[in-house]
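Residue-level listing of the chains:
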Amino acid sequence: MTLYLYIGRKFLKIFLGVFAGFYGIAFLLDIVEQVRQFSGTGVSIAEILHLALLKTPEAMYAILPLVMILATLALFLGLARSSELVVIRASGRSAIRSLASPVVVALLIGVVSVAAYNPIVAATKQQYEKVAQSHRQTQQNTMSVSSEGLWLRQVSETQQSVVRASEANLDGTELWNTTFINFDDDGDPVVRIEAAHAKLMDGYWELYGIKKWPLQDTNNPERDAELLERMDLPTDLTRDQIRDSFGTPNAISIWELPAFIDTLERAGFSALKHRVWLNRELAMPIMFVAMVLIGAGFTMRHTRFGRTGTMVLFSILLGFSLFFIRDFVQIFGENGQVPVLLATWSPPVVAISIAVAILLHMEDG
């Protein structure tokens, strides 16, 4: 146990060091990016730093698997140079058994990343969007899905509208049991419209089964209400804007994502993209283990054998390949071309199998 604890502590320290180094680099790059985005808007240096602090966690979370493989390379190259791997083998212990502690540490880091760091990333991403939007001083069309139904906010040059629908089709272009409330520039309600069916066309909503209440210049909106079979309501919303308004799944905490998926599906929308993301996050600890095994497979050898640089290059290339293959397969899963479990769990599982084969070949020939 002493040996395992020693290697585990050493690996954890190296991982935290690599993470801190990359975090500092990402923070500096984000500062440059925020300066570029908000140049000429009067945003102060303090606000730029605030925006960069909110943006950096998301960037770091995306590259955690790469940080893991780099930490693994640093660990085993250090053990090889100090001949500690030779001592471990000479003591009668298999070098492969010494992988137990890095693998356990990687699993624990993966669990902590998903359970704790993921909600932090989601919260900082949401806060970044709010702060950035306030600095841009522009209004956007937005959408949210709740247990009460689908809510939309659409903005045009002349007015703002809030839209609520109890049901919708998969892309949000057809709504049922829909309420439209139009507001003027001062934020006062102008008119309320209820429609049995609303269909998004090019530049307008096509409404059917309508009741329309005027909310200004009247003492009795119900008395002045109109019943119409059909009408057109102008809008700046497009099909792509509605689809994109659901927000990226990484803006939702892993703890809230299952309930959001259920709400999304009950509202009549496809939650495939969110299901893929949820399973990808749950597979993150296995991905970290795969990165550890890949890194160890090429570096658990004494430096006197030579070709250390080549082996490190091979491990980095394989790790980067796995990283991008995971994203590539994820796209197929989001499009429904590959089952969700296959798209999210197969890359790390296959990578572990390849890494174990490399380890057995290197150790036993």
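Parameters at a glance
Sequence order sets the numbering: in each chain, residues are counted from 1 along the sequence as written. Local features in this predicted model are restricted to residues of pLDDT 70 or higher, and side-chain atom pairs are both shown and tallied only at a pLDDT of 80 or more, whereas totals for entire chains, interfaces and linings draw on every residue. By convention in this description, side-chain values take in all heavy atoms of the structure and omit both hydrogens and water. Each helix corresponds to a stretch of at least 4 residues labelled H or I by DSSP, and each strand to a stretch of at least 2 residues labelled E; elements are numbered beginning at the N terminus. With a 1.4 Å probe rolled over the protein chains alone, any residue whose accessible area is under 20% of its type maximum counts as buried; one over 50% counts as exposed, and the rest are partly exposed. Surface accessibility follows the Shrake-Rupley procedure with a 1.4 Å probe radius. Residue values consider only the protein chains on display as shielding. The patch calculation keeps residues exceeding 30% relative accessible area without a salt bridge and links them within 9 Å when they carry like charges or within 5 Å when they are nonpolar (Val, Leu, Ile, Met, Phe, Trp, Tyr). We define a salt bridge as a side-chain nitrogen of Lys or Arg found within 4 Å of a carboxyl oxygen belonging to Asp or Glu. By nonpolar core is meant a set of buried Ala, Val, Leu, Ile, Met, Phe, Trp, Tyr and Cys residues that side-chain atoms within 4.5 Å join together. Two residues qualify as a contact provided that any one of their heavy atoms is within 4.5 Å of a heavy atom in the partner residue. Convention adopted: a line fitted to C-alpha atoms gives each axis, helices being fitted over their contacting stretch, and angles between N-to-C directions are expressed from 0 to 180 degrees. Take the far helix as your reference; a near helix turned counterclockwise from it by less than a right angle gives a left-handed crossing, and one turned clockwise gives a right-handed crossing. Paired strands are those between which DSSP finds at least two bridges. By definition here, a helix of n residues has an expected span of 1.5 Å times n minus one. Within 6.5 Å between ring centres, the rings of Phe, Tyr and Trp (the latter by its six-membered ring) count as paired, and their orientation is classed by plane angle as stacked under 30 degrees, edge-to-face over 60, tilted in between.

(A) Quick look at the overall build of the protein. Per the secondary structure count, the protein includes 11 helices and 7 strands. Counting every position in the protein, which comprises 365 residues, the buried fraction comes to 43%. For the protein, the exposed surface amounts to about 18,500 Å²; the carbon and sulfur share of it is 61%.

(B) Representation of a nonpolar patch on the surface. The grouping of L313, F314 and L317 at the surface amounts to a nonpolar patch, some 280 Å² of accessible area in total. Topologically, L317 is positioned in helix α10 (residues 308–334). Take L317: its relative accessible area is 47%, and that puts it in the partly exposed class.

(C) Just unusual backbone geometry, in detail. We note that N177 has phi near 50°; this positive angle belongs to a residue other than glycine. Following the sequence through the fold, N177 ends up in strand β4 (residues 174–183).

(D) Molecular detail of the nonpolar core. By size, the foremost hydrophobic cluster in this structure holds 51 residues, and its most contacted members are M68 and F76. Apart from the residues within four sequence positions on either side, M68 is in contact with F11, F15, A106, I109, F288, M291 and V292.

(E) Focus on the environment of G319. Residue placement: G319 occurs in helix α10. Judged by relative accessible area, G319 falls into the buried class, the value being 0%. Sequence-distant contacts of G319, that is, excluding residues within four places in its chain, are made with L66, I69, M291 and I294.

(F) Up close: the packing of helix α8 (residues 272–282) against α10. Viewed as axis vectors pointing N to C, α8 and α10 meet at an angle of 145°, and their least axial separation amounts to 9 Å. Crossing angle aside, the handedness with which α8 passes α10 is right-handed. Contact with α8, carried on its side by L272, K273, V276, W277 and R280, involves R326, D327, Q330, G333 and E334 of α10 and no other residues of that element.

(G) Expanded view of the pairing of β4. Inspection of the sheet shows strand β3 (residues 160–168) paired to β4 by 8 bridges, in the antiparallel sense. Bridging across to β4, S161 finds its partner in N182. The sheet contact formed by β4 and strand β5 (residues 189–200) spans 9 bridges and is antiparallel. Looking at the pairing, N182 lines up with V191 of β5. Where β4 hands over to β5, the hairpin turn is made up of 5 residues, of which G187 adopts a positive phi near 85°.

(H) Examining α10 more closely. If you check α10, its first and last C-alpha atoms are 39 Å apart, about what 27 residues at 1.5 Å a residue would give, namely 39 Å. Residues of α10 that are buried: M311, V312, S315, G319, L322, F323, R326, V329, Q330 and G333. One or two positions beyond α10, positive phi appears at G336, with a value near 80°.

(I) Region of interest: the pairing of strand β6 (residues 204–214). Where β5 meets β6, 9 bridges bridge the pair, whose relative direction is antiparallel. Following the sheet pairing, E194 is matched in β6 by K211. A loop of 3 residues connects β5 with β6, the two strands running antiparallel in sequence, and G203 in this loop sits at a positive phi of about 90°. Direction of pairing for β6 relative to strand β7 (residues 226–234): antiparallel, over a ladder of 8 bridges. Considered in β7, the bridge of Y204 is made with P234.

(J) Up close: the pattern of salt bridges. Throughout the structure, instances matching the rule amount to 9 salt bridges. One salt bridge in this structure joins K55 and E58, with 3.4 Å as the shortest N-O distance. Of this pair, K55 and E58 both sit in helix α2 (residues 45–62), 3 residues apart, which is roughly one turn of that helix. Of the residues examined, E58 reaches a relative accessible area of 17% and is grouped as buried. D327 serves as the salt-bridge partner of R280, at 2.7 Å between the closest nitrogen and oxygen. One end of the pair, R280, is in helix α8; the other, D327, is in helix α10, and 47 residues separate them in sequence. Judged by relative accessible area, which is 25%, D327 ranks as partly exposed. When salt bridges with common partners are traced through the structure, they connect K55, E58 and K125 into a single cluster.

(K) Local environment of the packing of aromatic side chains. Applying the stated criterion across every chain, the model contains 8 aromatic pairs. With centroids separated by 5.8 Å and ring planes inclined at 45°, the aromatic side chains of F19 and Y23 adopt a geometry described as tilted. Of this pair, F19 and Y23 both sit in helix α1 (residues 2–38), 4 residues apart, roughly one helical turn. Since its relative accessible area comes to 25%, Y23 is described here as partly exposed. Three or more aromatic residues joined by ring pairs make a cluster, and in this case those are F15, F19, Y23, Y61 and Y117.

Just geometry here; none of it tells us what the structure is for.
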